[in-house]
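# Observations on chain architecture
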Amino acid sequence: MTESKHSTLRSPAVPMIDLERQYAPLRQELMEALGHVIDRRQFILGEPVAQFEAAAARHLGVHATIGCSSGTDALWLALAACGIGPGDAVITTPFSFFASVSAILRAGARPLLADIDPASFHLSPSAVAQVLQHSSHAASVRALLPVHLYGQCVDWEGFAELARKHNLLLIEDAAQAWGARHHGIHAGGLGDMAAFSFYPTKNLSAAGDAGLVSTQQEKLAERARALRQHGMRVRYHHDEVGWNARMDGFQGAILHVKLRYIEQWNDARRSAAARYHQLFQNAGLAESGPYPGQGVVLPQEEAGNFHVWHQYVIRTARRDALRSFLATREIGSEVYYPIPLHLQKALTTLGYGEGSFPESERAAREVLALPIFPEITVEEQQTVVDAIAEFLSSPDR
Ligand SMILES: *Cc1c(COP(=O)(O)O)cnc(C)c1O
């Protein structure tokens, strides 16, 4: 804090995210909650985490939640609690954060990938159906792991149908989707289990690493609770090999406070997304996708979804040049994600290569996330859209 106060660095014209605007009004409330943890010395799990877990379960409308150390650990915990391990395969998307795949490997299982839908960027149920039909590992598939990317739920009916037909478990990577709904059901309440991340830039965020697993099934909840502390149900009696994946008390206390504001913050993100839409329309830049021409393809909220706009991601043909141009205007932007997972060095052993998933590869070249956070102002959004309009108006830039 002191550092930034005395820093001579100016803040950018429009930052990608500005956590100072979120924390400043909450400072007193958060300090009191942290003081409470110190007074009771409940540094690991304990009451602050239990209270957050109960409030989180109520908010999501699920039977139980299990707080843990990160979103990555939440994915691993969900897989492990479902009994997925060596000999099993899990199908997920190559267009996600690395942990969606690495957690499957960490559980000892084999990740199988299927391509995305170019309009939603989500794992495509029909591409998954192809894998279930043609992969030599199809018989060992135990679960599907779709990712509610950018804050919007996947085509759930498509996955539910595949799961019924092939007797598969459904695990949601809901790391970017706290508060998102699909036909009124919260992300986290759709599948057998779901994993959330509270990494500081997520919609609902901790002041450090933290994550959470949710489920409607007590048996799975009970097993996840044991697995997050070395498979221990009775102190120092280890029933199976778990891991240390506990949430700490400070994070539980902070999250419990912030949970009270998440609906209001998500509503503000929805208003900001609607404003971007309007501004791009007004500027005559909006194109109907899925692929970009001279303008930008805007992200859409699909029917039945309540999108929480973790990111506002446009598609544009000269993405890298636009990004550099925005940087010269001190406008933040980001690429989620520049390298699809099947082309990551660490995952070459999965046996895929260039051309394996053309939609994911194309999306990785064309997506650009623009600044969005609950406190972003109309003026800031106008600055972003004006700069993009200026860039697109000169085709040789
Ligand atoms: C952030 C994120 C994760 C990992 O969460 P951590 O808390 O950083 O471990 C997993 N999957 C997706 C889609 C994410 O965005």
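Remember, predicted model here, so these are calculated numbers, not experimental data.

The rules we used
- Residues numbered from 1 in each chain as written.
- Predicted model: local features only at pLDDT ≥ 70, side-chain atom pairs only at ≥ 80, totals over all residues.
- Heavy atoms only, no water.
- Helix = DSSP H or I, 4+ residues; strand = E, 2+ residues; numbered from the N terminus.
- Rg over C-alpha atoms; globule rule 2.2 N^0.38 Å.
- Contact = heavy atoms within 4.5 Å.
- Areas by Shrake-Rupley, 256 points an atom, 1.4 Å probe, with all protein chains shown as cover.
- Pairing = 2+ DSSP bridges.
- Domains from an automatic or database assignment.
- Salt bridge = Lys/Arg side-chain N within 4 Å of Asp/Glu carboxyl O.
- Polar contact = N/O pair within 3.5 Å; in protein donor to acceptor, adjacent residues only side chain to side chain.
- Near = heavy atom within 4 Å.
- 1 Å grid on protein atoms, 1.4 Å probe; cavity = no way out; pocket = protein on both sides within 12 Å on 5 of 7 lines; lining within 4 Å.
- Sits in = over half its atoms within 2 Å of the grid points.
- Points joined across faces, edges and corners; volume = space filled by probe spheres on them.
- Nonpolar A, V, L, I, M, F, W, Y, C, P; charged D, E, K, R; others polar.
- Buried < 20%, exposed > 50% of the residue type's maximum accessible area, 1.4 Å probe, protein only.
- Core = buried A, V, L, I, M, F, W, Y, C linked by side-chain atoms within 4.5 Å.

This part covers the overall build of the protein chain. Along its length, the protein chain carries 14 helices and 16 strands. Rg of the C-alpha trace for the protein chain: 21 Å, near the compact-globule value of 21 Å for 397 residues, within the 12% margin. Projected onto the principal axes, the alpha-carbon positions of the protein chain cover approximately 65 × 55 × 40 Å. Look at the contacts in the protein chain between residues 6 or more apart in sequence, and 70% of them connect residues 24 or more apart. A total accessible area of about 17300 Å² is found for the protein chain, and carbon and sulfur atoms account for 52% of it.

The strand order across the open sheet formed by 3 strands is S7-S6-S14, and the pairing between neighbours is antiparallel. Taken across any chain shown, the strands that pair with only one partner, and hence form the sheet edges, are strand S7 (185-186) and strand S14 (305-306).

According to the domain assignment, the protein chain consists of domain 1 (21-259) and domain 2 (262-392). Computed over C-alpha atoms, the centres of domain 1 and domain 2 are 25 Å apart. Taken together, the 42 residues of domain 1 in the interface contact 41 residues of domain 2. One salt bridge connects arginine 21 with glutamate 380, and the closest N-O pair in it is separated by 2.7 Å. Our count for the contact surface shared by domain 1 and domain 2 stands at 28 residue pairs in polar contact (both at pLDDT 80 or more). Elements with a contribution of two residues or more to the side of domain 1 that touches domain 2: helix H2 (19-23), helix H6 (99-106), strand S3 (110-113), strand S6 (181-182) and helix H10 (249-259). A total of 3 residues in the side of domain 1 that touches domain 2 trace back to one element, the largest contributor, which is S3.

What follows concerns the site of the ligand. Residues in contact with the ligand amount to 16 residues; listed here are only the nearest, Gly71, Thr72, Asp173, Ser197 and Lys202. One of the backbone nitrogen or oxygen atoms of glycine 71 is found 2.8 Å away from an oxygen atom of the ligand. Take glutamine 176: an N or O atom from its side chain is 2.9 Å from an oxygen atom of the ligand. For the ligand, the cavity whose grid points lie within 2 Å of the majority of its atoms is the second largest pocket. Contributions of two or more residues to the shell around the ligand are made by helix H5 (71-81) and H6.

Here we come to the layout of surface pockets. Here the second largest pocket defines a volume of roughly 390 Å³. Residue lining of the second largest pocket: 22 residues in total, with Phe97, Gln176, Ser197, Lys202 and Tyr337 positioned closest to the centre. If you list the elements that add at least two residues to the lining of the second largest pocket, you get H5 and H6. It is H5 that contributes the most residues to the lining of the second largest pocket, 3 residues altogether. Partitioning the lining of the second largest pocket into residue classes produces 9 nonpolar, 10 polar and 3 charged. Both domains that furnish three or more residues to the lining of the second largest pocket are identified here as domain 1 (21-259) and domain 2 (262-392).

What follows concerns the side chain of histidine 307. Within the secondary structure, histidine 307 sits in the loop between S14 and strand S15 (312-315). Contacts of histidine 307, omitting those with residues within four sequence positions, involve Tyr150, Gly151, Gln152, Arg270, Gln300 and Glu301.

Burial runs high along H5: 9 of the 11 residues are buried. Listing the buried residues of H5 in full gives Gly71, Ala74, Leu75, Trp76, Leu77, Ala78, Leu79, Ala80 and Ala81. Looking one or two residues beyond H5, the residue adopting positive phi is glycine 83, at roughly 80 degrees.

Time to look at the nonpolar core. Ile91, Val128, Trp178 and Phe198 are the most contacted members of the largest nonpolar core, which has 57 residues in total. Tallying contributions element by element places helix H4 (residues 46-60) first for this core, with 6 residues. For this core, the two domains that each supply at least three residues are domain 1 (21-259) and domain 2 (262-392). With residues up to four places along the chain from it excluded, the contact list for phenylalanine 198 reads Phe52, Trp178, Leu204, Ser205, Ala206, Gly208, Ala210, Gly211, Leu212, Met247 and Leu255.

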